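Read off the chains here:
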Amino acid sequence: MNQTMEKKELSRVQKYLSFFIQDEEYGIEILKVREIIGVTDMTALPKTPSFVKGVINLRGRIIPVIDLKRKFEMGETEIKEESCIIVTEIQVVEDGDPIQMGCLIDRVSEVTNIEDSKIEPAPKFGGSLDTSFILGLGKTKDRVCILLDIDRVFRESELTEINSAANCNE
Amino acid sequence: MSIRQRIENLCAYIASPKATPPVDLKSFLSRIQETREDALLDLEGLDSILQTLEAWMDSGKELGEKEAKELEAQIAKFLPSLQKKDAPIEEIDAELLGMFLSECKSSLQDLEETVLHLDGISGKEDQEDISEARRTIHTFKGECGVIPLPEAQRLCHLAETLIDRSENFPVDPVLRLIDWLRRYVDLLAEDAHAKPPENCELIEALMGLPQNQGSTPKALPIPQEEEIPAIHTDENIEIEVEEDFLENVPEFISEALGHLNDAEAALLEYDQGDKDIEHINLTFRAFHTIKGVAGFLGLSPIVQFAHNTEAVLDEIRKGNRECTSAYIDLFLQSCDALKRLIGVVEGNQSFSHAELAHWNEILSKAIEGNLSPEHPSRSTPLPHPQSPSNPRADAPPQKRKRIKIDTSIKVSTRRLDRLIDMVGELVIAQSMINQDPQVKLIRTQRFNRNLSQVSKITRDLQEAAMSLRMVTLKQTFQKMVRLVRDVSSKAGKQVHLEIHGEDTELDRTVVEEIGDPLVHMIRNAVDHGIETPEERVAAGKDPTGTLTLSAYHQGGSIVIEIQDDGKGLDRDKILAKAMERQCLPPGTNISELGDQQIYNMVFLPGFSTADKVTDISGRGVGMDVVRKNIEALRGKVEIDSEKGRGTTFFMRLPLTLAIIDGMVVRIGKERYVIPTLAIIQSFQAKPHQVQTIMDQGETVKIQGQILPLLRLKKIFELQEGQEDPFKGLLVNVEANNKRACLLVDEILGQQQVVIKSLGKGTKPVPGVTGGAILGDGKVALILDISGILEAASTNRQMQGV
């Protein structure tokens, strides 16, 4: 799962699920995607950061959904016909249950193959723009896809217990 | 004179009217007569018994009390060796045994309950219970005879005789019999041909011989070893056992020795020409099991040793090495060495570091196939097949048969949760179909019938799925009855245990986890909480202390309460100890500390106010463990204590999967579930009831009480929701002896909901215990009433300061 960046030299081809937030194209490693579901009713979680849209019932399991657009400070996602939730799965501890989280996005695009050699590191913009959860920029034929380090997105969303545990240790 | 003749003489003498046999000689002698002479193993033992008897016969006088007892003890010691030898090894019907074993556990449980109930009742007051216990043992005896399990049958018979003979019900011996049977049953479940565990002491007890009352049967030698270091030379290995595992050690030792005996038998069989690889496998498994259990108990030298031997065995098992008799020798000696190592744990053997290192070297060479012809030259000779210390060595080792107990299987909780989730979804999907307007248009009778059939099945399925994880606390509490009995007699206290709410159902995982903390807390309560009878009388209390163990639901969690009427926690002593150990954060103003804060110090690691460490408690480990375990279950421990009046421990446990009755309320667009248990009433407020205090806190006056008015909208920082307390509804809630009124928009109804965690993906939200999936598939948050009230009251205090 975590071999994307480390084994860059081998120039392996990875599959990414690409999707849109406004007109920007993003990608998540396909192995971390569990499923894509339509937007269902969400229950707001009180006292959580504003990008946490709430929780949903995914076949009997309650999982949180975060609004990526809000997270990236691009405004709030307006729920339309094409909006959907990408359910991602991250393995926090080995052998443990993976944590599932939903990402609310505007539109799913496709699954693309991107060679590792075609991925460029995220440019530094300086200033306030935080690029730490960008794995890199993947170049395909005609466009550029912003590849997300989804684990990091979650970790920095101050949502998970892992994070709070880490804070305690400091 | 041959033994047979001597016995016949004795029999003749007993039959004559003038003889007054000191013990039940008749059955003993006839048993020996039934036995083939060549099968009599312990000839020396028999000889000494016969000599005593002959002396008695010759004198023609009655035997003195002391001598009679000695004789009886001798017989008791002799009998097991007889049994093992002459009992023919009959083929055991695996299916029959499986059924028997699965029934056994519950019937033993019942028996123990009955017996404990009888404890303390003198005379034959409670005939009903006595005859029930007797019946159970009798049935047991019969069943053991059918299987056949001669050893168990015999012991049950002895117990029966003892019950008939005794004036009071023989609680102790019967309890020991139960323990023994449990161990045996466990062994049998592993291997149909398992040997019965060691039972000499038990037989003595069952024959009515005096015992050291008050000391628990398998007296734990380890604590003594810790306190008074055994006389070891410096280089000897000392194996320390953690306090938590002390109880498991005797079992481990007897099991491990059993395994090693089996392994030895198998090895000898192999050596004598039966080159079945199964023998090696059996030996391998024996070492492997010992390694595993020892690892669990933290006995590292044993783990290391077993592991090394296992590695060599594995080479052979895989066929990498040929199993020559040199290897067999090595393994047999390993068995001996390991037995001695295990003896070190017991405290009656020694084993030097150098020797262990030497063994490790030999074994690791053996893995390479480099078998040195010289084994560690030690005093222990190679066990001879006919060696009397190992009576079954020459018995043909049976192939191990695993008995499958079909009434229960182990399923991973993850799968179970998945199943329960899916069933929950099925219910929702099914109700959605039922309510679909299109479906409602179909009005054929057959369709309706089928549809309602589906609903019914779904409901049943849901119920069945829900019940899968729930178990009652009955078994756990029952164990405590036993514990209180043992600990109190050991500590010289009189304690009466009351149990309430043992039928409270809890998630299985929770029930499994609370056993340990309960043991610690009860031990503490008996050892430190309750005073000795003399102290109690001096304090004007009943000499018998009362310990109450109760379980109940409260505000969506389960509370297990341990209450004693002992001396209570000593605030000043705790404080003094805390200062001495510098547990207090610097700059703490002692006078500001509340009772709760002080009491909570007993949970600090290593904290103990006990003046002396006993083998029951006092090391200060227990309460730390309790808190850790309970917190791991996301529960809480609280203490309430009054000096001189007693202490109460509350364990508040969440119901990870329990179903609760909930009131679904609406605030704005969101729905929330309030556990019904926390609700006292709901009402529409009238203007005269609501009052603002200093323009900040709002209060509601109801039934003569003035309660704070809490707006969930404000607490949860919601956008929508009713502001006007007279337009919405007020729900009067209670938790932790705190009350308040919550303002909600409306009450939607009451329903049972399954508490689900919001998952590891979210940080715990203050005021929310979890989520529930409502009938339409949407999630509603379940309110943590005690959390909300707590937060509200501390805020208020802070504002006040």
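What you see is a predicted model; the values in this text were computed from it and never measured.

Basis of the calculations
- Residues numbered from 1 in each chain as written.
- Chains lettered and ligands numbered in written order.
- Predicted model: local features only at pLDDT ≥ 70, side-chain atom pairs only at ≥ 80, totals over all residues.
- Helix = DSSP H or I, 4+ residues; strand = E, 2+ residues; numbered from the N terminus.
- Buried ≥ 20, exposed ≤ 12 C-beta atoms within 10 Å, placed from the backbone.
- Contact = placed C-beta atoms within 7 Å.
- Axes fitted to C-alpha atoms, helices over the stretch in contact; angles between N-to-C directions.
- Parallel < 35°, antiparallel > 145°, perpendicular 65-115°, else oblique.
- Left-handed = near helix turned anticlockwise from the far one by under 90°.
- Nonpolar A, V, L, I, M, F, W, Y, C, P; charged D, E, K, R; others polar.
- pLDDT = per-residue confidence, 0-100.
- Pairing = 2+ DSSP bridges.
- Core = buried A, V, L, I, M, F, W, Y, C linked by C-beta atoms within 7 Å.
- Expected span 1.5 Å × (residues − 1).
- Bend = angle between axes of the 7 residues up to and from the residue.
- Arc of directions from axis to C-beta.

## Quick notes on the overall build of chain B
In terms of regular secondary structure, chain B is built from 26 helices and 18 strands. Considering chain B as a whole, with its 801 residues, one finds that 33% of them fall into the buried category. The long-range fraction of contacts in chain B, counting pairs at least 24 apart against all pairs at least 6 apart in sequence, stands at 70%.

## A short note on the overall build of chain A
Across its full length, chain A holds four helices and eleven strands. Here chain A holds 170 residues, and 37% of them are scored as buried. Pairs at least 24 residues apart make up 54% of the contacts formed inside chain A by residues separated by at least 6 positions.

## Remarks on the packing of helix 16 (residues 413-435) of chain B against helix 18 (residues 445-468) of chain B
Each pair of packed helices can be summarised by the angle the axes make with each other and by the distance between the axes. Residues and elements named next belong to chain B. Two elements in contact, helix 16 and helix 18, have axes whose closest approach is 9 Å; the angle formed by their N-to-C orientations is 155 degrees. In terms of orientation, helix 16 and helix 18 fall into the roughly antiparallel class. When you trace helix 16 past helix 18, the crossing you get is left-handed. Here helix 16 contributes Leu416, Leu419, Ile420, Val423, Leu426, Val427, Gln430 and Asn434 to the contact with helix 18, which in turn contributes Leu451, Val454, Ser455, Thr458, Leu461, Gln462, Ala465, Met466 and Leu468. Each residue belonging to the contact of helix 16 with helix 18 can be placed in one class, and the counts come to twelve nonpolar, five polar and no charged.

## Details of the confidence of the model for chain B
In regions of low pLDDT, the predicted coordinates are not meant to be interpreted in detail. All names here are of chain B. Across chain B, the average pLDDT comes to 74, with 77% of residues at or above 70. When pLDDT is averaged over each element of chain B, strand 18 (residues 779-783) comes out on top at 91 and helix 10 (residues 222-227) at the bottom at 37. Across residues 211-234, where pLDDT falls below 50, the model places 24 contacts with residues more than four positions away in sequence or in other chains. Both scores are available for the predicted complex, with the pTM at 0.46 and the ipTM at 0.79.

## Here we look at the packing of helix 13 (residues 300-317) of chain B against helix 14 (residues 325-346) of chain B
All names here are of chain B. Two elements in contact, helix 13 and helix 14, have axes separated by 10 Å at closest approach and are oriented at 165 degrees. The pairing of helix 13 with helix 14 is recorded here as roughly antiparallel in orientation. The handedness of the crossing between helix 13 and helix 14 comes out as left-handed. For the pair helix 13 and helix 14, contact is made by Pro301, Ile302, Phe305, Ala306, Thr309 and Ile316 and by Tyr327, Phe331, Ser334, Leu338, Leu341 and Ile342, respectively. Looking at side-chain class alone, the contact of helix 13 with helix 14 contains ten nonpolar, two polar and no charged residues.

## Section: the sheet that holds strand 4 (residues 52-58) of chain A
Residues and elements named next belong to chain A. In spatial order, the strands read 3-6-7-5-4; together these five strands make up an open sheet with mixed pairing. If you trace the sheet from one side to the other, it starts and ends with strand 3 (33-38) and strand 4, each paired once. Shown here is a sheet whose adjacent strand axes are inclined to one another by a mean of 30 degrees, direction ignored. Taken together, the three bridges between strand 5 (residues 61-67) and strand 7 (residues 99-105) define a ladder with parallel strand orientation. Residue pairing for strand 7: aspartate 67 is matched across the bridge by leucine 104.

## Here we look at the nonpolar core
Counting 78 residues, the largest nonpolar core has Ile86(A) and Ile674(B) as its most contacted members. The residues contacting Ile674(B), other than those within four sequence positions of it, are Gly662(B), Met663(B), Val665(B), Ile679(B), Val731(B), Val733(B), Leu783(B) and Ile785(B). Judged by nonpolar contacts, the second largest core, of 45 residues, contains Ala256(B), Ile328(B), Phe331(B) and Leu341(B).

## Things to note about helix 20 (residues 508-529) of chain B
Given 3.6 residues per helical turn, the α-helix brings residues three or four places apart onto the same face. Residues and elements named next belong to chain B. In this model, helix 20 (22 residues) spans 30 Å end to end at C-alpha, consistent with the 32 Å of a helix rising 1.5 Å per residue. Maximal helix bending in helix 20 amounts to about 30 degrees, located at glycine 515; proline proline 517 follows within four positions. With 16 of its 22 residues buried, helix 20 lies for the most part within the structure.

## Focus on the interface of chain A and chain B
Reports of interface size often rely on the accessible area that becomes lost once the parts have come together. Tallying the contact residues gives 25 residues for chain A and 25 residues for chain B. At the level of secondary structure, the elements contributing two or more residues to the side of chain A that touches chain B comprise strand 4, strand 5, strand 7 and helix 4 (161-169) of chain A. A class-by-class count of the residues in the side of chain A that touches chain B yields twelve nonpolar, seven polar and six charged.

## Focus: the sheet that holds strand 12 (residues 697-702) of chain B
All names here are of chain B. In space, the six strands of this open sheet follow the order 10-14-15-13-12-11, with mixed pairing throughout. Only two strands of the sheet have a single neighbouring strand rather than two, namely strand 10 (679-683) and strand 11 (690-693). With direction set aside, neighbouring strand axes in the sheet form an average angle of 35 degrees. Two elements, strand 14 (residues 729-735) and strand 15 (residues 738-744), share seven bridges in a ladder whose sense is antiparallel. Counted as the bridge partner of leucine 730 is leucine 743 from strand 15.

## Brief notes about the environment of Phe477(B)
Residue and element names in this part refer to chain B. Structurally, the position occupied by phenylalanine 477 is in helix 19 (residues 474-491). By C-beta crowding, phenylalanine 477 is classed as buried, having 21 other C-beta atoms within 10 Å. Each C-alpha atom of the pair phenylalanine 477 and isoleucine 499 lies 7.6 Å from the other, and the pair is 22 residues apart in sequence. Discounting residues that sit within four places of it in the chain, phenylalanine 477 has contacts with Ile499, Glu502 and Leu549.

## Overview of the pairing of strand 9 (residues 670-675) of chain B
Residue and element names in this part refer to chain B. In terms of residue burial, strand 9 counts as a mostly covered element, since six of its six residues are buried. Judged by which residues are buried, strand 9 turns out to be covered on both faces: Glu670, Tyr672 and Ile674 on one side and Arg671, Val673 and Pro675 on the other are all buried. When strand 9 meets strand 18, the two strands line up parallel, connected through two bridges. Paired with tyrosine 672 across the two strands is leucine 781, which belongs to strand 18.

## Some points on the pairing of strand 11 (residues 144-148) of chain A
Residue and element names in this part refer to chain A. Taken together, the two bridges between strand 2 (residues 24-29) and strand 11 define a ladder with parallel strand orientation. Bridge pairing links tyrosine 26 to isoleucine 146 in strand 11. Here five bridges tie strand 10 (residues 134-139) to strand 11, and the two strands are oriented antiparallel to one another. The partner of glycine 136 across the bridge, within strand 11, is leucine 147. Where strand 10 folds back onto strand 11 in an antiparallel hairpin, the turn is made up of four residues.

## Quick word on helix 6 (residues 127-146) of chain B
Residue and element names in this part refer to chain B. Compared with an ideal rise of 1.5 Å per residue, which puts 20 residues at 28 Å, helix 6 spans 28 Å between its outermost C-alpha atoms and is within 8% of the ideal. The set of residues buried in helix 6 consists of Ala133, Thr136, Ile137, Phe140, Glu143 and Cys144. When helix 6 is viewed along its axis, its buried side chains cluster within an angular range of 120 degrees and face the same direction. Of the residues in helix 6, the exposed ones pointing more than 90 degrees away from the buried face are Gln127, Glu128, Gly142 and Val146.

## Overview of the confidence of the model for chain A
Residues and elements named next belong to chain A. On average, residues of chain A score 79 in pLDDT, and 78% of them reach the 70 mark or higher. Per-element confidence in chain A is highest for strand 3, whose mean pLDDT is 92, and lowest for helix 4, whose mean pLDDT is 39. pLDDT under 50 marks residues 160-170. Its contacts with residues more than four places away, or in other chains, come to twelve contacts.

## Focus on unusual backbone geometry
The bulk of non-glycine residues show a negative phi, and the bulk of peptide bonds are trans. Residues and elements named next belong to chain A. Even without being glycine, glutamine 22 reaches a positive phi, approximately 55 degrees. Secondary-structure assignment places glutamine 22 in the loop between strand 1 (13-21) and strand 2. One non-glycine residue with positive phi stands out, namely lysine 47, at about 55 degrees. For lysine 47, the location among the structural elements is in the loop between strand 3 and strand 4. Exposure remark for lysine 47: the 14 C-beta atoms within 10 Å place this residue in the partly exposed category.

## Comments concerning the environment of Thr548(B)
All names here are of chain B. Structurally, threonine 548 can be placed in strand 4 (residues 545-554). For threonine 548, a count of 17 C-beta atoms within 10 Å gives the class partly exposed. Here threonine 548 is in contact with Glu498, His500 and Gln563, once residues within four sequence places are set aside.

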